[in-house]
Each structure stands twice: as C-alpha cells, then as structure tokens.
Amino acid sequence: MVNLVLLGPPGAGKGTQAAGIAKKYDIPHISTGDIFRKNIKEKTPLGERAKSYMDRGELVPDELVIELVEDRLTEPDCKNGFLLDGFPRTVFQAEEFDKFLNENGMNITKVINLDVEADELVNRLSGRRVCESCGASYHVKNIPPKKEGVCDTCGGNVIQRADDTKETVLNRINVYNDSTRPLIDYYDKTGTLVTLDGAAGLENVFNSIIKAVGEAL
Ligand code: AP5
Ligand code: MG
Ligand code: ZN
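Because the structure is predicted, anything quoted here is derived from the model rather than measured. (Residues numbered from 1 in each chain as written. Chains lettered and ligands numbered in written order. Predicted model: local features only at pLDDT ≥ 70, side-chain atom pairs only at ≥ 80, totals over all residues. Heavy atoms only, no water.)

**Q** So what's going on with helix α8 (residues 182–190)? Residues and values would help.
**A** Listing the buried residues of α8 in full gives Leu 183, Ile 184, Tyr 186 and Tyr 187. The buried side chains of α8 occupy one side of the element, clustering within an arc of 165 degrees when seen end-on. Each element contacted by the buried residues of α8 is listed here: β1 (2–7), α5 (91–103), β4 (110–115), α7 (166–180) and β8 (193–197). Just downstream of α8 lies Gly 191, where phi reads positive at about 80 degrees. (Buried < 20%, exposed > 50% of the residue type's maximum accessible area, 1.4 Å probe, protein only. Helix = DSSP H or I, 4+ residues; strand = E, 2+ residues; numbered from the N terminus. Arc of directions from axis to C-beta. Contact = heavy atoms within 4.5 Å.)

Right under this line is the structure:
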C-alpha cells in the first residue's frame, strides 16, 4: 500500500500535484476541502455546517472531519492506499488518525510537506481558478486552462473559489501557522516527513515527490 499525506499551507500546490501522484500510484486523491465544497454545492447538512467556517477561512471543527475521512478510507478504491490532501490539519486530527491507522494495521508511507513562502502563496491564491466539477486547479497567469473558463481535464466550469478573496486568504495562512504548521514537527518525529521546495516548477516539484516516495517504498 502507498499511504500518502500532502501537507503544506494554502496555495502550496497540494491539489495541483495530487492528480499526478494519485495516477502514478493508482490511489484515490482524497481532499477534505473538495469533499466539503461538494457538500456545500449539494446543500447537504454537512455542507450547511461547514460553510460558515470555510467562508471565513477557519477550520471546520475536528469532529466533522475525522469521521468523514475514516469512513472514506474504508471504501474499496483505497485498496492500494490513499493520498490525503488537507487532512490532518490539527495535532488532534493527527493523533486520532494515528489511532485509526494503528487499529487497522496501517501506517503512513510518507508525509510530503510542500514549502512555499507567504508572498508567493498570496500571489498564487489571488490568481487561482478551480474546476467546479473535478477540482482541478489553474492560475490566471501561471497555469491558465487552454480555453478560458473551461477545464482541460473534464470540460467543467472554471471558477474562482469563494475563500480566495484577499482577506480570507490572509486568515487561512494565519490559521495554517497556528493550527497546522505544528504537524511538521509532529511528523518529523515519526521519521515519515519529507519537506520539498514547493516554489519550484510544476514538474520539478512532481519529480521530487516521486523520488521521495520511491525511497520510502
Ligand atoms: P482546502 O481545500 O484544503 O484548501 P487549502 O488548504 O487552503 O489549500 P488550497 O486548496 O488553497 O491550496 P493547494 O495547496 O491545494 O494549492 P493548489 O494546488 O490549488 O481547504 C479549504 C477549507 O476547508 C479550509 O479552510 C477549512 O475551512 C476546510 N477544511 C479542509 N480540510 C479540513 C480539515 N482537515 N480540518 C478542518 N477544516 C478543513 O495551488 C494554488 C495555486 O498555485 C493554483 O492557482 C495553482 O495553479 C498554482 N500553482 C501550484 N503549483 C504551482 C507551481 N509549482 N508553480 C506556480 N504555480 C503553482
Ligand atoms: Mg487544494
Ligand atoms: Zn475539471
């Protein structure tokens, strides 16, 4: 099994890199943010509860997230492993996740931490566009879709995310620093962490991820 966790601040490129990694190892890309956005779009009770937190750039309460991920990981498409993007995001989530992995005789192959400085994160997120249907990430300048407003992969609508306004972006970065950054230390201690330069070009980042994962297999 290849069990991967993508760690990194908002805009680090987790979603962008996830598609290629998932394909390479034939594992599902599980983005908690994408799951919440789908629930918001479909107006489910979970979506209704998550929306106010997400709109403000705050974290959704731990109890809404942990069970959701654990349920998702028991689905048949996780037979070869999984690629988590945006989970865990607090030390509490990481501890609960460790318990779940232990109980199920599983472990994490690698935690990939994408490192990008704050100015570049703001620049990336203010120009980001995402596919409403498949979640693919684009950037108005860096990585535009071939046809404006249309997803290269699935033909879906390419839109701006509700939480990509300047004010919310800055709050998300603060929330990351307070609640998620401590996970770098947490996973460093377990020996599963690798920190990579997320500011390099798309292909360079991808190649360094594949190399680090390959060494852990
Ligand atoms: P989530 O959807 O996870 O958002 P995020 O963590 O803020 O991360 P982003 O999706 O913004 O960044 P990314 O790293 O995926 O960047 P991307 O690849 O798109 O979470 C949203 C919300 O959901 C949270 O705020 C919270 O409320 C809630 N939530 C989710 N999980 C939760 C949890 N576990 N607990 C509690 N709450 C939770 O790239 C960004 C831009 O950069 C794009 O424009 C892209 O084209 C560009 N780019 C990418 N790579 C490069 C490169 N190498 N060079 C140049 N440009 C690049
Ligand atoms: Mg993302
Ligand atoms: Zn798409």
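**Q** Let's hear about the sheet that holds strand β7 (residues 158–159): which residues, and what values?
**A** Taken in spatial order, the 3 strands line up as β6-β5-β7 in an open sheet, and their pairing is antiparallel. Pairing within the sheet leaves two strands with one partner each, and these edge strands are β6 (137–139) and β7. By the bridge criterion, 2 bridges tie strand β5 (residues 128–131) to β7 in an arrangement that is antiparallel. Considered in β7, the bridge of Val 130 is made with Ile 159. Most of the contacts of helix α6 (residues 118–126) go to β5, to which it runs at about 50 degrees, and overall it touches β5 and β6. (Pairing = 2+ DSSP bridges. Axes fitted to C-alpha atoms, helices over the stretch in contact; angles between N-to-C directions.)

**Q** Report on the packing of aromatic side chains, specifying residues and quantitative values.
**A** This model, assessed by the stated rule, comprises 4 aromatic pairs. When the centroid spacing of 6.2 Å and the interplanar angle of 65 degrees are considered together, the rings of Phe 82 and Phe 97 count as edge-to-face. Of this pair, Phe 82 sits in strand β3 (residues 81–85) while Phe 97 is found in helix α5, placing the two residues 15 residues apart along the sequence. Accessibility expressed as a relative area gives 0% for Phe 82, which makes it buried. Through pairs of rings, three or more aromatic residues link up here, namely Phe 82, Phe 87, Phe 97 and Phe 100. (Phe/Tyr/Trp six-rings, centres within 6.5 Å; stacked < 30°, edge-to-face > 60°.)

**Q** Before we move on, could you go through the coordination of the zinc ion (ligand 3) and cite the residues and values that matter?
**A** By definition of the ideal shapes, four donors in a tetrahedron about a metal sit 109.5 degrees apart, and six donors in an octahedron sit 90 or 180 degrees apart. Within the protein, the atoms that donate to the zinc ion (ligand 3) are Cys 131 (SG), Cys 134 (SG), Cys 151 (SG) and Cys 154 (SG), at distances of 2.2 to 2.3 Å. Around the zinc ion (ligand 3), the 4 donor atoms sit at angles spanning 98 to 116 degrees, and that spread fits a shape best called tetrahedral. If you list the donors of the zinc ion (ligand 3) from N- to C-terminus, the spacing comes out as C-x2-C-x16-C-x2-C. Of this pair, Cys 134 sits in the loop between β5 and β6 while Cys 151 sits in the loop between β6 and β7, and the two are 17 residues apart along the sequence. (Donors = N, O, S within 2.8 Å, 3.2 Å for Na, K, Ca; no water. Tetrahedral: all angles 85-135°; square planar, octahedral: opposite > 155°, others 65-115°.)

**Q** Explain the site of ligand 1 to me, and be specific about the residues and the numbers.
**A** The environment of ligand 1 is formed by 36 residues, the closest being Thr 16, Glu 58, Arg 89, Ser 137 and Arg 172. In the environment of ligand 1, an oxygen atom lies 2.7 Å from a nitrogen or oxygen atom belonging to the side chain of Arg 128. Broken down by secondary-structure element, the contributors of at least two residues to the shell around ligand 1 are α1 (14–25), α2 (32–41), α6 and β6. A per-class count over the shell around ligand 1 returns 14 nonpolar, 13 polar and 9 charged. (Near = heavy atom within 4 Å. Polar contact = N/O pair within 3.5 Å; in protein donor to acceptor, adjacent residues only side chain to side chain. Nonpolar A, V, L, I, M, F, W, Y, C, P; charged D, E, K, R; others polar.)

**Q** Let's hear about the pattern of salt bridges: which residues, and what values?
**A** Inspection of every chain in the model, using the stated rule, returns 12 salt bridges. One salt bridge in this structure joins Glu 96 and Lys 99, with 2.9 Å as the shortest N-O distance. Here Lys 99 and Glu 96 lie together in helix α5, a separation of 3 residues that amounts to about one turn. Glu 215 serves as the salt-bridge partner of Lys 211, at 3.7 Å between the closest nitrogen and oxygen. With a gap of 4 residues between them, Lys 211 and Glu 215 both fall in helix α9 (residues 202–216), about one helical turn apart. Since its relative accessible area comes to 57%, Lys 211 is described here as exposed. Overall, the relative accessible area of 60% leaves Glu 215 in the exposed class. (Salt bridge = Lys/Arg side-chain N within 4 Å of Asp/Glu carboxyl O.)

**Q** A description of the side chain of Asp 163 should follow, citing residues and the corresponding values.
**A** Relative to the assigned elements, Asp 163 resides in the loop between β7 and α7. Here Arg 161 takes part through its side chain, which lies 2.8 Å from a polar atom of the side chain of Asp 163. Excluding residues within four positions of it along the chain, Asp 163 makes contact with Met 54, Thr 168, Val 169 and Arg 172.

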